[in-house]
Amino acid sequence: MTSMLDAALEAAEAGWNVFPCVEAGEHGKAPYTAHGHLDASRDADQIREWWGRWPNALIGAAVPDSLLVIDIDPRNNGRREALEALVGPLPETLMVISGRGDGGAHFYYLRPPGNFTSTRLPEGVDLKTAGYCIIPPSLHPTSGRPYVWEHHDIAPLPTRLRELLRPLPPPFRRPVDGSGNASGLVHVVEAAREGQRNNALHWAACRASEEGSLSSIEGELIAAALRVGLSDREARRTVQSAVRTVGGAR
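Treat the numbers as computed from the prediction; the structure is a model and nothing was measured.

Chemist: A description of the pairing of strand β3 (residues 67–72) should follow, citing residues and the corresponding values.
Modeler: With six of its six residues buried, β3 lies for the most part within the structure. Burial of β3 is two-sided: the residues Leu-67, Val-69 and Asp-71 facing one way and the residues Leu-68, Ile-70 and Ile-72 facing the other way are all buried. Bridge count between β3 and strand β6 (residues 125–128): four bridges; the pairing is antiparallel. Counterpart to Ile-72 in the pairing with β6 is Val-125.

Here it is in structure tokens:
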């Protein structure tokens, strides 16, 4: 049977920065080290010293800068199905099944550039871009059963999940300073938050059509719409709808 020391050394050799965590009791899964995951290391001598002191310690692994983790926690009503209802099926990726035995899991994905937030994730689903996770073959402090790897290649973050994790842009507000020029109208489209992008494009195209400048900035408006996630077909239909709206109002 593999000891926790051997498993920690293997994880370090595979590139994980590890550190020991409390194996049982009220503080189970809390770090033994003074600075928690900030003390995590791949140094074999340091790992031997730690597990020499705490031979049954769980293995904590700092979340690498190159990855992020989706943490599904059924204790807080987290369900994979709830997340997939928003973003579609999650692709196979490196995954850890919790030893609690209730379906909890950590999904590891390649982290793209930029900022991320968990504010729009369903209840019981969390995001880790720092901190740490417990990794196999640690034994869950409550159940005594091991955490288990599901080994798959680490997948890129799915597009729809990436969009869900992006911070929302500022709310769409119509400009009140008379900035009805091309750059101002394009900015309105670029700044529109999710759910308001079609409305923002329609409004900007209406203003340009009213001013007689739509033919010169239509391409810029459509390009801005594509940058914020509208399809080319959807953007062009919205612009044509704006043309009809203005034409019908004359």
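Chemist: I'd like to hear about the sheet that holds strand β1 (residues 18–21), residue by residue, with values.
Modeler: Strand order in the open sheet formed by three strands is β1-β2-β7, with antiparallel pairing between adjacent strands. On the outer flanks of this sheet lie β1 and β7 (132–135), each paired with one strand and no other. Mean inter-strand twist for the sheet, computed between neighbouring axes without regard to direction, equals 40°. The strands touched by helix α1 (residues 4–13) are β1, β2 (58–62) and β7; relative to β2, the strand with the most contacts, the crossing angle is about 15°. Across the sheet, helix α2 (residues 44–53) touches β1 and β2, and the angle it forms with β1 is around 5°.

Chemist: Talk me through the packing of aromatic side chains; I want residue IDs and the actual numbers.
Modeler: Within the structure shown, the criterion is met by four aromatic pairs. Consider the rings of Trp-16 and Trp-149, whose centres lie 5.9 Å apart with planes at 35°: the pair is tilted. In this pair, Trp-16 sits in the loop between α1 and β1 while Trp-149 sits in strand β8 (residues 148–150), placing the two residues 133 residues apart along the sequence. For Trp-149, a relative accessible area of 22% gives the class partly exposed. Feature note: the residues Trp-16, Tyr-108 and Trp-149 constitute an aromatic cluster, connected by ring pairs.

Chemist: Help me get a handle on the pattern of salt bridges, residues and values and all.
Modeler: What the rule picks out here adds up to eight salt bridges. For Arg-48, the salt bridge goes to Asp-45, with nearest N and O atoms at 3.5 Å. Placement of both Arg-48 and Asp-45 in helix α2 is noted, with a separation of three residues, approximately one turn of the helix. When its relative accessible area of 43% is taken as the criterion, Arg-48 is described as partly exposed. With a relative accessible area of 56%, Asp-45 lands in the exposed category. A salt bridge links Glu-210 to Arg-207; the nearest nitrogen and oxygen atoms lie 2.7 Å apart. In this pair, Glu-210 and Arg-207 are both assigned in helix α6 (residues 197–211), three residues apart and thus about one turn of the helix distant.

Chemist: Got a sec to walk through the packing of α1 against α2? Specific residues and values, please.
Modeler: Two elements in contact, α1 and α2, have axes separated by 10 Å at closest approach and are oriented at 155°. When the axes of α1 and α2 are compared, the pair comes out roughly antiparallel. When you trace α1 past α2, the crossing you get is right-handed. Judged by residue contacts, Met-4, Leu-5, Ala-8, Leu-9 and Ala-12 of α1 engage Ala-44, Ile-47, Arg-48 and Trp-51 from α2. Grouping the constituent residues of the contact of α1 with α2 by class yields eight nonpolar, no polar and one charged.

The rules behind each value
Residues numbered from 1 in each chain as written. Predicted model: local features only at pLDDT ≥ 70, side-chain atom pairs only at ≥ 80, totals over all residues. Heavy atoms only, no water. Buried < 20%, exposed > 50% of the residue type's maximum accessible area, 1.4 Å probe, protein only. Helix = DSSP H or I, 4+ residues; strand = E, 2+ residues; numbered from the N terminus. Pairing = 2+ DSSP bridges. Axes fitted to C-alpha atoms, helices over the stretch in contact; angles between N-to-C directions. Contact = heavy atoms within 4.5 Å. Phe/Tyr/Trp six-rings, centres within 6.5 Å; stacked < 30°, edge-to-face > 60°. Salt bridge = Lys/Arg side-chain N within 4 Å of Asp/Glu carboxyl O. Parallel < 35°, antiparallel > 145°, perpendicular 65-115°, else oblique. Left-handed = near helix turned anticlockwise from the far one by under 90°. Nonpolar A, V, L, I, M, F, W, Y, C, P; charged D, E, K, R; others polar.

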